[in-house]
Amino acid sequence: MYKDNFLDKKDFEELQGLLTGHIFPWYLLDGVSYPGDKNIQMIHGFYNHGASGSDFMSQLGPLINKMDIFALLRIKANLLYRTDKVIEHGWHTDINHAKDKPYKTSIFYINANNGVTKFKTGEVVESVANRLVTFPGNKEHTGTTNTCDEPYRILLNINYV
C-alpha cells in the first residue's frame, strides 16, 4: 500500500525545501474534504485536468517520473496547521465526478508528524516524510491534523490514470 523513502534523498530534500520555503505560495481554501465543510487548509494547485496552475510544476519532475502515471488528473499540495486536538475530516474521494471511473490517488508525505490518513476500510497510514501511499481513487479516505511538535502537516495529493 505504501513505499517509504520513495525519492532519492537529494530529490526529496529539494522538494521538501520548496514546499517549506519562504517563497512558496500557499492559498487559503474553505474546506478540506469538500467546499464549506467548516475546516480550512492552505493549498497550492500544481495541475488540474490538463492545465498547470503553478510556476513550480517542473520541480515535481523527480516524483512524477518515478510514478506509474499515464495521464495526470490533478496535483495539489495541502498544508494543515497543528491543532490542540486531532481533527479528523470527512470521508471523501478526491474527484467526485470521476467516482465511478478508474483512477488512482497517491499521497506523498512531505514531513513526519502524528497526523494520519485513514481509509473507510480500516487501514491507517502514518505521515512519514518521503512516504508514498497509492490506492484506487474511489476508495473513501480522510485525513487529520497533527498535534505534535511539528507546526503543520504537508502532503501532495496526486490523482491520475
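In the block above lies the structure referred to throughout.
Residues numbered from 1 in each chain as written. Predicted model: local features only at pLDDT ≥ 70, side-chain atom pairs only at ≥ 80, totals over all residues. Heavy atoms only, no water.

**As for helix α1 (residues 9-20)**
Defined as follows: Under the scheme used here, helices are H or I runs from DSSP no shorter than 4 residues and strands are E runs no shorter than 2 residues, and both carry numbers assigned from the N terminus. To estimate the expected span of a helix, count its residues, drop one, and scale the result by 1.5 Å. Each residue is placed in one exposure class: buried if its accessible area under a 1.4 Å probe, protein chains only, is under 20% of its type's maximum, exposed if it is over 50%, and partly exposed if it falls in between. The arc in question is the one traced by the directions running from the helix axis out to the C-beta atoms.
Taking 1.5 Å of rise per residue, the 12 residues of α1 would be expected to cover 16 Å, and the 16 Å separating its terminal C-alpha atoms lies within 8% of that figure. Looking at α1, one finds that the buried residues are Phe-12, Leu-15, Leu-18 and Leu-19. The buried residues of α1 all sit within an arc of 125 degrees when viewed along its axis, so they share a single face. Exposed and oriented more than 90 degrees from the buried face of α1 are Lys-9 and Lys-10.

**Examining the environment of Lys-139**
Put simply, the rule reads: We call two residues in contact when some of their heavy atoms are within 4.5 Å.
Here Lys-139 is to be found in the loop between β9 (131-136) and β10 (141-143). Overall, Lys-139 belongs to the buried group, its relative accessible area being 18%. Setting aside residues up to four positions removed in sequence, Lys-139 forms contacts with Met-1, His-92, Thr-93, Phe-119, Thr-121 and Glu-123.

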